[in-house]
Amino acid sequence: MWYDAFGFIARSLMQMIFAHLFFSIVYDLSMLPMAALSLPPVRVYCSGGAATPNSSISNNNLLGNHALDAAHIRRAAELADGSAGFTSPHPNFGCVIASKSGKVAGEGFLYAQGTKPAEVLAVDAAGDFSRRATAYLNMEPGDCHGDHSAVSALVQAGIERVVIGLRHPLQHLRGNAIRALRSQGLQVDVLGEDLNSKLIEEARKSCLLVNAPLICRAASRVPFSVLKYAMTLDGKIAASSGHAAWISSKTSRNRVFELRGRSDAVIVGGNTVRKDNPRLTARHGGGHMPMRIVMSQTLDLPEEAHLWDTSDVSTIVATQRGARRHFQKHLASKGIEVVEFDILNPREVMEYFHDRGYLSLLWECGGTLAAAAISSGVIHKVFAFVAPKIIGGKNAPSPVGELGMVEMTQAFDLIDVCYEQVGPDMLISGFLQPIPDVTPVIPSVDETFEIDPTVTPYESRIIFFYKTWDPYGAFSNFSPHQIKMPDDSGDYEPWLSVEHYYQAQKFVGVDDPVAQDCVENIKSARSPEEAARIGRSMQRKRPDLVRCEWESVKIEVMYRALKCKFSIYPHLNAMLLSSAGCVLVEASPHDLFWGGGRDGEGLNYLGRLLMQLRSEFLGESPTSIDDIVLQN
Ligand SMILES: NC(=O)C1=CN([C@@H]2O[C@H](COP(=O)(O)OP(=O)(O)OC[C@H]3O[C@@H](n4cnc5c(N)ncnc54)[C@H](OP(=O)(O)O)[C@@H]3O)[C@@H](O)[C@H]2O)C=CC1
Ligand SMILES: Nc1c(N[C@@H]2O[C@H](COP(=O)(O)O)[C@@H](O)[C@H]2O)[nH]c(=O)[nH]c1=O
């Protein structure tokens, strides 16, 4: 492939970078107590004993400073959770502004990347009360691309003190905002570093919980995985016939829809598709719709199934390399993406979805695949709905198949178990692995550089970028940088990101009100992910609405949008120029046009356009955009 020569170096560097990330997370073997995700409780009993969220903190001089700090941080964590389920999962940020007396003056949470940061919303809400106030943040802001909007908002509002629940878990972002705030003269107290007490420790746990998916993903290099099942009181997930609709109550199943809405994807095994013909959609009234993933070795799956209807949401089938090629074609004709693996096991599949940027997954499979997933160490948390029913049956399936254990002492003990009554059922949840604790004992990337200038961890001949949280994530067209592009009449219109502009251009100029509505919907989408979802889903459902010359103009469209982005933001321009001499590759394992693919088989047009722009900015233009378009 065109950059094969770099393959070995690239892999080594990727490993180095991941090793950096991995070792930046220090495991706390004390197994921290944690509460369940803060969905509306009916009755909850938690062994961790976390306090209830405090949403009405007022002036209370009886509370000590630590108690007040802890309460406000818990509230920030509670706010942060507000965005889960509304848009594709992302780090959750909440902010509370409290006056000197401890009274709450303003609150905010980040809805999605690209929308207003929690800190900006909170100081806006607090107005003049922000002056000399304290800001409480569940997590250090990830001002990753030199924008520092959260930091600027706090400084400009006149905040005197900032209390931070957790340093940013990603190594290349950790410490940056804290340093920036301190350098502006603000007092910054980090829980567990500058403040310590039992109450503070509990508040810190609520911050760990609300971003558990991000933290676990960074530490384990697989998406945060929750195994959910519904079983009878005698431990069966179906009758001996395989019939399972329904074990749990309607209230519990509604709760499952919410769990699905918090996940990037829901995953099942081939047998569940054959037996249940599930839909796996989140039907709780709006909110985020997860993708569906099927793991099947044989690909002996039905020709027709609810999961093959992708009008609302896509399905990916992961299978063994070479399995039933004609059936693969059948699936492809229905718009299903088939991904082949040399060895189809849960770890390989999870590593693949990690590289694809997935943050969290909900496993709704039967016991066969659940056992394989638990054995391979990819499951982080379990949600078991227990219904007060007995079905019996020697051969009726149970939630977890063979784990090879022979003595009770070998059983996995769940950590921080919560018991909650949901309708007539009992929901028991707990962690299979502790959430790794993030402690700042290892210097962040720029601190490392300060200590030893010869260490430049990201210097490489190939720079991979993909998700905006990556070190060079600002190269992604999903990075939340607004651009201004000319419309038909030459007037400049703002677009929230390159992705917004690119998706909308698919339907621009098409003489159909549905296409025009679609352009408007994409334009007003609250995040680049939302813009991409609208554009891609319309393209899939109504290919007739895509402008006829789209395939021949799309590179040009992307080029113009990128040129604007890297011209108007000096820090992005500097980042691009600083990559001179390096090959830029969009590390998308599935987009073989804009990305580099899993093994370098992708065309990497995004990387190529960026390198083209870089040459132009440097005044050396070996190829032109026309050459790139012609090569297409
Ligand atoms: N009550 C509940 O919560 C639930 C109940 N169920 C019930 O469970 C029953 C199905 O259980 P079960 O057969 O365990 O279903 P699974 O969902 O666990 O599917 C098993 C299948 O997963 C596929 N698979 C792919 N990779 C692997 C791997 N590495 N290891 C193991 N399997 C792999 C295989 O598909 P292939 O054969 O295609 O190669 C295998 O046959 C049904 O009766 C269903 O109704 C299912 C889900 C939840
Ligand atoms: N039987 C059972 C569950 N089964 C799970 O739900 C899937 C069906 O989802 P859907 O088609 O979207 O309604 C099914 O394939 C299996 O994964 N879930 C539960 O909460 N309670 C239940 O009693």
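Structural data are supplied above this passage.
Residues numbered from 1 in each chain as written. Chains lettered and ligands numbered in written order. Predicted model: local features only at pLDDT ≥ 70, side-chain atom pairs only at ≥ 80, totals over all residues. Heavy atoms only, no water.

**A word on the site of ligand 2**
Moving on, step 1. Surveying the vicinity of ligand 2 reveals 17 residues, the closest of which are Lys228, Ile247, Ser248, Arg279 and Glu364.
Moving on, step 2. In the environment of ligand 2, an oxygen atom lies 2.7 Å from a nitrogen or oxygen atom belonging to the backbone of glutamate 364.
Moving on, step 3. Taking 520 Å² as the accessible area of ligand 2 by itself, protein coverage stands at 91%.
Moving on, step 4. In a pocket analysis with a 2 Å cut-off to the grid points, ligand 2 is assigned to the second largest pocket.
Moving on, step 5. Of all elements in the fold, only β7 (224-232), α8 (250-261) and α9 (270-276) reach the threshold of two or more residues within the shell around ligand 2.
Moving on, step 6. The element contributing the most residues to the shell around ligand 2 is α8, with three residues.
Moving on, step 7. Residue composition of the shell around ligand 2, grouped by class: seven nonpolar, three polar and seven charged. (Near = heavy atom within 4 Å. Polar contact = N/O pair within 3.5 Å; in protein donor to acceptor, adjacent residues only side chain to side chain. Areas by Shrake-Rupley, 256 points an atom, 1.4 Å probe, with all protein chains shown as cover. 1 Å grid on protein atoms, 1.4 Å probe; cavity = no way out; pocket = protein on both sides within 12 Å on 5 of 7 lines; lining within 4 Å. Sits in = over half its atoms within 2 Å of the grid points. Helix = DSSP H or I, 4+ residues; strand = E, 2+ residues; numbered from the N terminus. Nonpolar A, V, L, I, M, F, W, Y, C, P; charged D, E, K, R; others polar.)

**Focus on the state of the cysteines**
Moving on, step 1. Under the definition given, this model contains zero disulfides.
Moving on, step 2. Looking at cysteine 207, it has no disulfide partner, and the nearest cysteine sulfur is the one in cysteine 95, 12 Å off.
Moving on, step 3. The class for cysteine 207 is buried, based on a relative accessible area of 0%.
Moving on, step 4. Of all cysteine sulfurs, the one in cysteine 548 lies closest to cysteine 518, which takes part in no disulfide; the gap is 16 Å.
Moving on, step 5. Note on cysteine 518: relative accessible area 2%, which makes it buried. (Disulfide = S-S within 2.5 Å. Buried < 20%, exposed > 50% of the residue type's maximum accessible area, 1.4 Å probe, protein only.)

**Structural notes on the nonpolar core**
Moving on, step 1. Ile97, Leu154, Ile159, Val162, Val294, Trp308 and Ile435 are the most contacted members of the largest nonpolar core, which totals 85 residues.
Moving on, step 2. If you count residues domain by domain, this core takes at least three from each of domain 1 (31-210) and domain 2 (215-431).
Moving on, step 3. In this structure, valine 294 is in contact with Val268, Gly269, Gly270, Val273, Leu301, Leu307, Trp308, Thr315, Ile316, Val317 and Ala318, ignoring residues within four places of it in sequence. (Core = buried A, V, L, I, M, F, W, Y, C linked by side-chain atoms within 4.5 Å. Domains from an automatic or database assignment. Contact = heavy atoms within 4.5 Å.)

**Remarks on the layout of surface pockets**
Moving on, step 1. In this structure, the second largest pocket encloses a volume near 1,300 Å³.
Moving on, step 2. Every residue lining the second largest pocket is counted, 50 residues in all, and those nearest its centre are Thr272, Asp276, Glu364, Cys365 and Gly366.
Moving on, step 3. Put simply, the parts of the chain that give the lining of the second largest pocket at least two residues each are β7, α8, α9, β9 (291-296) and α12 (367-375).
Moving on, step 4. In terms of residue class, the lining of the second largest pocket is made up of 20 nonpolar, 20 polar and 10 charged. (Points joined across faces, edges and corners; volume = space filled by probe spheres on them.)

**Topic: the site of ligand 1**
Moving on, step 1. Lining the immediate surroundings of ligand 1 are 28 residues, of which Asn271, Thr272, Asp276, Ser296 and Thr368 lie closest.
Moving on, step 2. One nitrogen or oxygen atom from the main chain of leucine 369 is found 2.9 Å from an oxygen atom belonging to ligand 1.
Moving on, step 3. A total of 920 Å² of accessible area belongs to ligand 1 in isolation, and the protein chains cover 88% of it.
Moving on, step 4. The cavity that encloses ligand 1 is the second largest pocket.
Moving on, step 5. Going through the elements one at a time, β7, α9, β9 and α12 are the ones with two or more residues in the shell around ligand 1.
Moving on, step 6. Examining the composition of the shell around ligand 1, we find that six residues originate from one element, α9, more than from any other.

**Quick notes on the sheet that holds strand β4 (residues 134-139)**
Pairing between the strands of a sheet comes from backbone hydrogen bonds, and it takes one of two forms, parallel or antiparallel.
Moving on, step 1. The strand order across the open sheet formed by five strands is β3-β2-β4-β5-β6, and the pairing between neighbours is mixed. With partners counted over all chains shown, the strands left at the sheet margins are β3 (104-109) and β6 (187-190), one partner each. This sheet shows a mean twist of 15° between the axes of neighbouring strands, independent of strand direction.
Moving on, step 2. Here strand β5 (residues 161-166) runs beside β6; their pairing, made up of four bridges, is parallel. By the bridge assignment for β6, arginine 161 is matched with glutamine 187.
Moving on, step 3. Packing against the sheet, helix α2 (residues 65-80) makes contact with β2 (94-98), β3, β4 and β5, and its axis sits at approximately 145° to β2. (Pairing = 2+ DSSP bridges. Axes fitted to C-alpha atoms, helices over the stretch in contact; angles between N-to-C directions.)

**Brief notes about the pairing of strand β17 (residues 483-486)**
Moving on, step 1. Along β17, the buried face is formed by Ile483 and Met485; none of Lys484 and Pro486, which line the opposite face, is buried.
Moving on, step 2. Pairing analysis gives four bridges linking β17 to strand β18 (residues 492-495), with the strands arranged antiparallel. Bridge pairing in β18 links isoleucine 483 to tryptophan 495.
Moving on, step 3. Between β17 and the antiparallel strand that follows it, β18, lie five residues; glycine 490 among them carries a positive phi value of about 85°.

**Here's the deal with the pattern of salt bridges**
Two side chains that carry opposite charge are able to pair once their charged atoms sit near each other.
Moving on, step 1. A full pass over the atoms with the stated rule returns 27 salt bridges.
Moving on, step 2. Close ionic contact of arginine 182 with aspartate 194 constitutes a salt bridge, the shortest N to O distance being 3.4 Å. Pair noted here: arginine 182 is in helix α5 (residues 176-183) and aspartate 194 is in the loop between β6 and α6 (198-210), with a separation of 12 residues, a long-range link.
Moving on, step 3. A relative accessible area of 38% places aspartate 194 in the partly exposed class.
Moving on, step 4. Notably, a salt bridge pairs lysine 563 with glutamate 616, separated by 3.6 Å at the nearest N-O pair. Highlighted residues: lysine 563 in helix α17 (residues 550-568) and glutamate 616 in helix α19 (residues 605-617), separated in sequence by 53 residues.
Moving on, step 5. A network of salt bridges, in which partner residues are shared, links Arg321, Arg325, Glu340 and Asp342. (Salt bridge = Lys/Arg side-chain N within 4 Å of Asp/Glu carboxyl O.)

**A look at unusual backbone geometry**
Moving on, step 1. At the junction of alanine 245 and tryptophan 246, the peptide bond is cis and its omega measures out at 0° in the coordinates.
Moving on, step 2. For tryptophan 246, the location among the structural elements is in the loop between β7 and α8.
Moving on, step 3. Despite not being glycine, arginine 324 shows a phi value in the positive range, around 25°.
Moving on, step 4. As for its placement among the helices and strands, arginine 324 is situated in the loop between β10 (315-320) and α10 (325-333).
Moving on, step 5. Phi at asparagine 604 is positive, roughly 55°, even though this residue is not glycine.
Moving on, step 6. By the element assignment, asparagine 604 lies in the loop between β19 (583-586) and α19.
Moving on, step 7. On the basis of relative accessible area, asparagine 604 is assigned to the buried category, the value being 0%.

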